[in-house]
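A look at the structure
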Amino acid sequence: MTSFDRKIKKTLKNVGNAEQPPRALKEKIDEKVLQYCPEFRKKVAVIFGGCSPEYSVSLQSAYAILTHIDRSEYIPIMIGISPDGEWFLFDGDIEKIPADTWQNHTDCTPVAVSQNRRAHDLLLFGKGRVQKQSIDVAFPVLHGKNGEDGTVQGLFELAGIPVVGCGVLASALCMDKDKAHKLVHAAGVAVPNSFVCDKSVDMESIAKNADKIGYPLFVKPVRAGSSYGISKVTAVSGLTKAVAAAFQYDQKIIIEECITGFEVGCAVMGERKLTVGEVDEIELTDGFFDYTEKYTLTTSAIHVPARVSSGVAARIKETAKTIYKTLGCQGFARVDMFLTDAGEIVFNEVNTIPGFTTHSRFPTMMKAVGLTFEQIVSTVIEEATAG
């Protein structure tokens, strides 16, 4: 009998007496169990696509996660949502996901989430019968509406299935720029001056309130991501067009002052004990960090770490943690802020499911503090399933 076998024997006896083994030994036991019984790996439903303007971004993020997930620990179950909102179990070549050729009759089976809280099942509707596929955790990789806003999180919460990332309330709050700003401001963090209006407000009233804020200013949908529907307006002549563009993405819009300075971001993971990535900085040549710049960096650059002093970086990290906790975030999120010319930190927004490709800001900030993409994926899954 080897030393490890003796430890196993002693551990089994202790477990019978309701005693937990030392953590290091437990991890080694788990590793051996998975080595000889791979069917015990956790089944992770990786959900991609979505009924959202950010559908294509989700495909890229999900592909990166699927190619970096530790398959000795996890079995990925790929769930694709079409732009029309149809759910499918995808069982094809993962290369079809970023190419957006995944949705086809050969690779897809219609699927739904069972609401039996004891089952933790997906229901597969194929060829005249319903089959079940058990899962241990859901990993939504959905950006923007109908995925990052608490809707999908609520679906899995009702089913009693753990979800990677922020829960229903935090997801909904972070998606709503106005409510997030109000809560964060109450916590003592500076926010841009702004006002909110819906389609019942006439342009004359909007223009009067915009004058009080002053130009340049930003017009944004209250609930949208990836800079969709956002315009920088330098004079009242451009206001009507910007308002119309924002209303294409939401029923409410927010008009904000333009903060003089530059944007900084901070990646945060965890719930009680937080892991904070290195601060990044967005350098712009002109305009603002719109959709095109976010995904092409045509005229902009991202610096990691940010070109600020260690003291300023520490303040940014502490502010990011305050915002993260104030909005009830858990799992992971990217906190975006501005650093003004006077050195003031101003809250911008929180992305509860930020871009997750290998070159995205979130994993890049975590890489700067020593975490690989694989470690990030494993960490957020383990936290969600820790109970």
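Right above here is the structure, for reference.
For every chain, the first residue of the written sequence is number 1, and numbering continues from 1 along that sequence. Local features in this predicted model are restricted to residues of pLDDT 70 or higher, and side-chain atom pairs are both shown and tallied only at a pLDDT of 80 or more, whereas totals for entire chains, interfaces and linings draw on every residue. Side-chain numbers here rest on the full set of heavy atoms in the structure, without hydrogens or water.

Here the axes come from fitting lines to C-alpha atoms, over the contacting stretch only for helices, and the angles between their N-to-C directions go from 0 to 180 degrees. Labels follow the DSSP assignment, with helices taken as runs of H or I lasting at least four residues and strands as runs of E lasting at least two, numbered in each case from the N terminus. Following both chains from N to C, one finds helix α7 (residues 203–213) and helix α8 (residues 239–247) inclined at 110°, their axes separated by 11 Å at the closest point. Classified by the angle between their axes, α7 and α8 sit roughly perpendicular to one another. Contact with α7, carried on its side by M203, I206, A207 and A210, involves L239, T240 and V243 of α8 and no other residues of that element. Along the lines of polarity and charge, the residues of the contact of α7 with α8 split into 6 nonpolar, 1 polar and no charged. What sets the label is the angle itself: under 35 degrees gives roughly parallel, over 145 gives roughly antiparallel, 65 to 115 gives roughly perpendicular, and the rest give oblique. The contact criterion used throughout is that any non-hydrogen atoms of two residues lie within 4.5 Å. As a working rule, the residues Ala, Val, Leu, Ile, Met, Phe, Trp, Tyr, Cys and Pro are called nonpolar, Asp, Glu, Lys and Arg charged, and the rest polar, with Gly in that last group.

In this section: the packing of helix α5 (residues 168–175) against helix α6 (residues 177–186). Here α5 crosses α6 at 100°, and the two axes come no closer than 5 Å. Overall, the two elements α5 and α6 adopt an arrangement that is roughly perpendicular. Residues L173, C174 and M175 of α5 pack against K177, K179, A180 and L183 of α6. For the contact of α5 with α6, the per-class residue count stands at 5 nonpolar, no polar and 2 charged.

This brings us to the side chain of S82. With respect to the helices and strands, the residue S82 is situated in the loop between β2 (74–81) and β3 (87–90). Every residue in contact with S82, bar those within four places of it in the chain, is listed here: G50, C51, Y55, W102 and Q103.

Let us look at helix α3 (residues 55–68). Each helix should span, by expectation, one fewer than its residue count multiplied by 1.5 Å. In this model α3 runs 20 Å from its N-terminal to its C-terminal C-alpha over 14 residues, within 8% of the 20 Å that 1.5 Å per residue would give. For the exposure calls, accessible area comes from a 1.4 Å probe over protein chains only, and a residue counts as buried if that area is under 20% of its type's maximum, exposed if over 50%, partly exposed in between. Across the 14 residues that make up α3, a large majority, 10, are buried.

Before going further, it helps to examine the packing of aromatic side chains. Stacked, tilted and edge-to-face pairs are distinguished by plane angle, under 30 degrees for stacked and over 60 for edge-to-face with tilted covering the rest, among Phe, Tyr and Trp rings (Trp via its six-membered ring) whose centres lie within 6.5 Å. Overall, the coordinates contain 11 aromatic pairs when judged by the stated rule. Taking 5.1 Å as the distance between ring centres and 80° as the angle between the ring planes, the aromatic pair formed by F48 and W102 counts as edge-to-face. Note that F48 is positioned in strand β1 (residues 42–49) and W102 in the loop between β3 and β4 (108–113), a separation of 54 residues in sequence. W102 sits in the buried class, given a relative accessible area of 0%. Taking 5.6 Å as the distance between ring centres and 40° as the angle between the ring planes, the aromatic pair formed by Y228 and Y249 counts as tilted. Separated by 21 residues along the polypeptide, Y228 in the loop between β9 (217–221) and β10 (231–233) and Y249 in the loop between α8 and β11 (252–257) bring together distant segments of the chain. Given the relative accessible area of 16%, Y228 is considered buried.

This part covers the nonpolar core. Note on soluble globular proteins: their nonpolar side chains tend to be buried together. Here the nonpolar core consists of buried residues drawn from Ala, Val, Leu, Ile, Met, Phe, Trp, Tyr and Cys, with membership extended through side-chain atoms lying within 4.5 Å. Formed by 36 residues in total, the largest nonpolar core has its most connected members in I97, W102, F139 and I381. Listing elements by their share of this core, those giving two or more residues are β1, α3, β2, β3, β7 (137–140), β12 (261–270), α11 (361–367) and α12 (373–385). Once you skip the residues sitting within four places of it in the chain, I97 turns out to touch F48, L59, L66, M78, F90 and W102. In terms of nonpolar packing, the next biggest core, distinct from the first, is built from 29 residues, V184, I316, A333 and M337 among them.

This next bit is on the sheet that holds β2. Two strands are said to pair when DSSP picks up at least two bridges between them. Pairing is mixed across the open sheet formed by 7 strands, whose spatial order is β6-β5-β4-β3-β2-β1-β7. Two strands close off the open sheet at either side, each with one partner strand: β6 (129–134) and β7. Shown here is a sheet whose adjacent strand axes are inclined to one another by a mean of 35°, direction ignored. Note that β1 and β7 share 4 bridges and pair parallel. Across the sheet, the residue bridging to V44 is V137, located in β7.

Before going further, it helps to spend a moment on the sheet that holds β10. Spatial ordering of the open sheet is given by β8-β11-β9-β10, a layout of 4 strands whose pairing is antiparallel. Strands at the two margins of the open sheet, each flanked by one partner only, are β8 (194–198) and β10. Sheet twist, expressed as the mean angle between neighbouring strand axes with direction ignored, is 25°. Here β9 runs beside β11; their pairing, made up of 5 bridges, is antiparallel. Paired with F218 across the strands is E256, a residue of β11. Its contacts with the sheet put α7 on β8, β9 and β11, and the angle it makes with β8 is roughly 170°.

Take the pattern of salt bridges next. Each salt bridge in this description consists of a side-chain nitrogen of Lys or Arg and a carboxyl oxygen of Asp or Glu lying within 4 Å of one another. A complete count under the given rule lists 16 salt bridges for this structure. The shortest N-O distance in the salt bridge between D176 and K179 comes to 3.5 Å. Residue classification places K179 among the partly exposed positions, given a relative accessible area of 43%. Across the salt bridge formed by R361 and D280, the nearest N and O atoms sit 2.8 Å from each other.

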